[in-house]
Amino acid sequence: MKFTLSWLKDHLDTTASIDEITYALTDLGLEVEGVENPAAKLADFTLGYVQTAEKHPDADRLNVCQVETDEGVMQIICGAPNARAGITVVVAKPGVYVPGIDTTIGVGKIRGVESFGMMASEREMELSEEHDGIIELPSGKPGDRFIDWLAENDPAKVDPVIEIAITPNRPDALGVRGIARDLAARGLGKLKPRDCDAVEGSFASPIGVSIDEDTLDGCPVFYGRVIRGVKNGPSPQWLQDCLRAIGLRPISFLVDVTNFFTFDRNRPLHVFDADKVKGNLRVHRAKGGEEIAALDEKTYTLQAGQMVISDDSGVESIAGIMGGEATGVTEDTVNVFVESAYWDPVQIAYAGRALKINSDARYRFERGVDPAWTPYGIEHATRMILDHAGGEPSEVVVAGQVPDTRRAYKLDAAKVQSLVGMTIPESDQRQTLTALGFQLDGDMAQVPSWRPDVQGEADLVEEVARIASLTQLQGKPLPRLTTGVPRPVLSPMQRRVVTARRTAAALGYNECVTYSFIDQASAALFGGGTDETRLENPISSDMSHMRPDLLPGLLQAAARNQARGFADMALFEVGPAFSGGEPGEEQIMVSGLLVGRTGPRDVHGAARAVDVFDAKADAEAVLSAIGAPAKVQILRGAAEWWHPGRHGKICLGPKKVLGVFGEVHPRVLAAMDVKGPAMAFTIYPAEVPMPRKSGATRPALQISDLQAVERDFAFVVDADVEALTLVNAAKGADKSLIDDVRVFDEFIGGSLGEGKKSLAITVRLQPSDKTLKDADIEAVGAKVVEKVTKATGGVLRG
Amino acid sequence: MDDLKQKYLSQIADAGDESALEDIRLAAVGKKGEVALKMRELGKMTPEERQVAGPALNALKDEINSALAAKKAALGDAALDERLRSEWLDVTLPTRHQRQGSIHPVSQVTEELTAIFAEMGFSVAEGPRIDTDWYNFDALNIPGHHPARAEMDTFYMARGEGDDRAPHVLRTHTSPVQIRTMEAEGAPLRIICPGGVYRADYDQTHTPMFHQVEGLAIDKDLSMANLKWVLEEFFSAFFEIDGIKTRFRASHFPFTEPSAEVDIQCSWVDGQLRIGEGDGWMEVLGSGMVHPKVLQAGGIDPNEWQGFAFGMGIDRIAMLKYGIPDLRAFFDADLRWLRHYGFASLDQPNLHGGLSR
């Protein structure tokens, strides 16, 4: 919302400066977005009087002028054709910045003659494009500031333009008068009365108006009248200045009148060319499919139920949003029908959104126009039209009646203290509300018709606090919920996520946060990309579906980093992935991605390509950090984006998957332009069982003083026998005596033959009650061999 | 006997290596060595002679043994010195590579503000990122026709054919979590809701996903004055600058009443933003007293309870605190950016040690 200072002063009697006004506006909740003050750049220009002007001795077109200024008579060389003795001019003395030529004036010599300043044209001061000569003023004393002269004689030229942001609750501030009312309530002046008497009609309106029964809820009231014999044409200068200053193009007087009241009073009006209207006007709902060529020169197809105004020829106006071209007013219009109606905000909002029309009328009606001012709107417009374009008004035709928006809420003076925490005397509170147009009857405050946002007692508090200024608010400590040391606040799951994140970072992974949406093709590679997770209105096709997994985002990040020349990386992300489009169909995952080598080439020969066991180690480390049990199963058969032979699911039973690690499927890498191979893991923190916590106490430490014994065994097994099966079998040989079983060697092929491999394990025996004798060790060894043979079909390697 | 002593001590002193030393030992004090032979002669002596010769022989044996041991140690030292002389390494060579991981600024700052608000009794509430339009809008007093709905640049989930329900939305703010938590826990309540939110906007200062933290406190007698205190305490703790002032300006949000936009004190010095000093103000958050309709939607009786709510951008305060220039880079996963603006895994923010290094 833009307006000029003089427009504001049309409603507000004030001596406040522009700075005081803009500060107050922002503080009141009418946030100033910008102030354009043409006077600011002209502040240093002063008036001068040319006493004499003589031809420059060395230049035909230049004059040497003696100019009277506030600093005495100064010699100024001037090339303007109208520079002559006896005129009052605008002078830029040395040191003054001239915006139109982007120059600061200095003392100079022009062809040998000294010059102490410049006499300015309108263009040089950016007042207009006028540059045929220097400004000649009809009045003014030498030394006066030019901006003071302008303010006095041509105020529009120095009228500051203020732009404010209007929150949706304040439709009243979409009119200059509403803004003035707020400032007056704040104490920055007095609201001027701007009423006008009703204009008597001298004949019956030849155009009648009706509202269909089913449309009264959307258009409760419609006022109209014909004014005949008007002379349309360009608006008077002040009106053109007003509109131009706020960025509107003057069109013709009759149209400009409607625009004026739109901004002056938040009262959109419409004018029809009465001679183009066939028969009477009827407000009704569209059947659907009707077409109308609107004033923006576009044709719209109406949907059933949208409100329209029709005459005998059909639809002539999209109610409350935009008029039709066919009945529009032109320069030649002599008989005009003026409409002032009230349209329901909700219905206008839906219709405007459906038709995608953004007009000043829609913007205002959907936020709320003062219904009670509907009849006044037509009288004010009539008055202005008669004053400037003449004509003869008809009687007013009315359909429906002004909706009753009367409501009152109890003013509880103590509420300002309890809700806001500011102490404001009740008398001040009542005064504030009165100044805003509330009517107080005892402790009941009747809400003014222009404030649809006020819907309860809390709103009264808001008004009082807002006008008093929230800057006066003093902080007050928030009492503690419990006395003493604050309790921890994170849930076990929240702590788990933090731990997982910090563990991954400690393992050398860089945390990424990537978008939750991803392109369909990438989503499809990871089991997503279906309609359930599709966005209706993505901002680009790269972000069309909710991600089904974290890995596609990480792989895209890897591809981008590879393109930047980084071959080795460890990336991870902690965040939600989406299995469906319903609330809750999401799960927090922790995913890590390893690409390239463990590091750059080094003198120690330590760097090597990353492999599956790197990802496995990191997955195990993260799981361990968040409290997963140490004893897990490693199963195969994870999703198809993993390398079929090089992955494992970390499980507690076949259905309880805590995480997956492995090599990413080469086809997936190729599709995502990642130069592989790439290793990854994904952990599902919510799947890890919560520990049954019974206090912080640890179980007592059991250690034995007896010497532990280690024995090595090597077994030849089929190549597809998994090491974990063998280890578990060996452990089962004597659960109390065997402390640990570790695989320390795998050997495939060679003398073992096709399809066989050798696995070597170390079995650590920890006696607890007596030292082991050779016989004991032999016995356990035999049992290990027996168990392993039974479980794997392997034989002890000779 | 002195000759014997002189002979062996000088031999020991001259021994060049351990094997020579061993030969001397065998010759001198070995089982068949000279001293042993002398010992055997003791039997033939008179008791008087024996009393003189015995201790003298023992002393000789001890002396030779200590000389042998001392020489052996000296030879060992010399050998070690010799070996170490050849064991020179160029220690300016680089080490084996160790990857340095990092924590993303959004995660770090989320933990920072969690630590601060936890101290003031706020726990952390979470909710779904895809939510119904009721939780995201209606329950927050933003009905279907409300202009705020259109202004929010909402992402909608596609609806299948024949599914006539209003489309779900990607939450445009974390406020729906307030409603869900009120429903689940009732009053009194103190929560913050940090998390990702979505709006269909992409330019220099907007990304379609960003992060917000909302705060909500409900009790019998909380006012905006408490809110101001909480925010000033928060900003001072977060920016680690004592006494940061805030300025409240009247504003409007459908879910609060009264509503205020909050500015923090700042100044610009040579193009550098300085928080907590000067007389400039920068808008950082929106806040207000929870609208009675919102309390009702959350199942809390507005006649009995009241409270405040506020919301601010996590990415934005991270940018302000750590001088990160471009929001879009947060989500680009450029390794150079992650390493430069990221945080070490062990730099877990807390209040006793300080939030940042």
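Named according to an unreviewed UniProt entry, chain B is Phenylalanine--tRNA ligase alpha subunit originating from Sulfitobacter delicatus. According to the UniProt record, the Subunit (unreviewed entry) comment for chain B is "Tetramer of two alpha and two beta subunits." According to the UniProt record, the Subcellular location (unreviewed entry) comment for chain B is "Cytoplasm".

As named in an unreviewed UniProt entry, chain A is Phenylalanine--tRNA ligase beta subunit, taken from Sulfitobacter delicatus. Under the Subunit (unreviewed entry) heading, UniProt states for chain A: "Tetramer of two alpha and two beta subunits."

**Student:** Hey, could you go over the packing of helix H1 (residues 2–14) of chain B against helix H2 (residues 18–29) of chain B for me, with residue numbers and the actual values?
**Tutor:** All names here are of chain B. Close contact between H1 and H2 brings their axes to 9 Å; oriented N to C, the two are set at 165 degrees. It follows that H1 is roughly antiparallel to H2 by the angle criterion. Regarding H1 and H2, the two cross each other, and that crossing is left-handed. Contact residues: H1 offers Tyr8, Gln11 and Ile12, while H2 offers Leu21, Ile24 and Ala28. Within the contact of H1 with H2, the residues separate by chemical class into 5 nonpolar, 1 polar and no charged.

**Student:** A description of helix H16 (residues 612–625) of chain A should follow, citing residues and the corresponding values.
**Tutor:** Residues and elements named next belong to chain A. For H16, with 14 residues, the first-to-last C-alpha span of 20 Å sits near the 20 Å given by 1.5 Å per residue. For H16, the full list of buried residues reads Val612, Ala615, Asp618, Ala619, Val622 and Leu623. The arc enclosing the buried residues of H16, seen along the axis, measures out at 135 degrees, which places them on a common side. Exposed residues pointing more than 90 degrees away from the buried face of H16 are listed as Phe613 and Ser624. Looking at the packing, one finds that the buried side of H16 touches helix H13 (492–506), strand E34 (586–595), strand E36 (642–651), strand E37 (657–664) and strand E38 (678–683). Immediately beyond the C-terminal end of H16, within one or two residues, lies Gly627, with a positive phi of roughly 90 degrees.

**Student:** Go over the environment of Leu189(B), please, and point to the residues and values.
**Tutor:** Residue and element names in this part refer to chain B. For Leu189, the location among the structural elements is in strand E4 (residues 189–198). Leu189 gets classed as buried once you count the C-beta atoms within 10 Å, which come to 21. Distance in space between the C-alpha atoms of Leu189 and Asp219 is 6.8 Å, their sequence separation being 30 residues. In this structure, Leu189 is in contact with Thr181, Met182, Leu216 and Ile218, ignoring residues within four places of it in sequence.

**Student:** Lay out the environment of Ala15(B) with the relevant residues and their values.
**Tutor:** Residues and elements named next belong to chain B. The topology assignment puts Ala15 in the loop between H1 and H2. For Ala15, a count of 20 C-beta atoms within 10 Å gives the class buried. Those residues in contact with Ala15 that lie beyond four places of it in its chain are Ala20, Leu21, Ile24 and Lys71.

**Student:** Any chance you could break down the domain arrangement of chain B for me, citing the residues and the numbers?
**Tutor:** Here chain B is partitioned into domain 1 (2–86) and domain 2 (107–341). Between domain 1 of chain B and domain 2 of chain B, the C-alpha centre-to-centre distance is 89 Å.

**Student:** How would you summarise the UniProt feature "binding site: Mg(2+)" (unreviewed entry) in chain A if you had to cite specific residues and measurements?
**Tutor:** UniProt records the feature "binding site: Mg(2+)" (unreviewed entry) for Asp453(A), Asp459(A), Glu462(A) and Glu463(A) in the present numbering. Residue placement: Asp453(A) occurs in the loop between strand E29 (444–446) and helix H12 (457–468). Every residue in contact with Asp453(A), bar those within four places of it in the chain, is listed here: Asn169(A), Arg170(A) and Asp459(A). Within the element layout of this structure, Glu462(A) appears in helix H12. Judged by the 28 C-beta atoms lying within 10 Å of it, Glu462(A) falls in the buried class. Every residue in contact with Glu462(A), bar those within four places of it in the chain, is listed here: Glu257(B) and Pro258(B).

About the criteria used
Residues numbered from 1 in each chain as written. Chains lettered and ligands numbered in written order. Predicted model: local features only at pLDDT ≥ 70, side-chain atom pairs only at ≥ 80, totals over all residues. UniProt positions renumbered as here; feature names shortened; annotations may be inferred. Axes fitted to C-alpha atoms, helices over the stretch in contact; angles between N-to-C directions. Helix = DSSP H or I, 4+ residues; strand = E, 2+ residues; numbered from the N terminus. Parallel < 35°, antiparallel > 145°, perpendicular 65-115°, else oblique. Left-handed = near helix turned anticlockwise from the far one by under 90°. Contact = placed C-beta atoms within 7 Å. Nonpolar A, V, L, I, M, F, W, Y, C, P; charged D, E, K, R; others polar. Expected span 1.5 Å × (residues − 1). Buried ≥ 20, exposed ≤ 12 C-beta atoms within 10 Å, placed from the backbone. Arc of directions from axis to C-beta. Domains from an automatic or database assignment.

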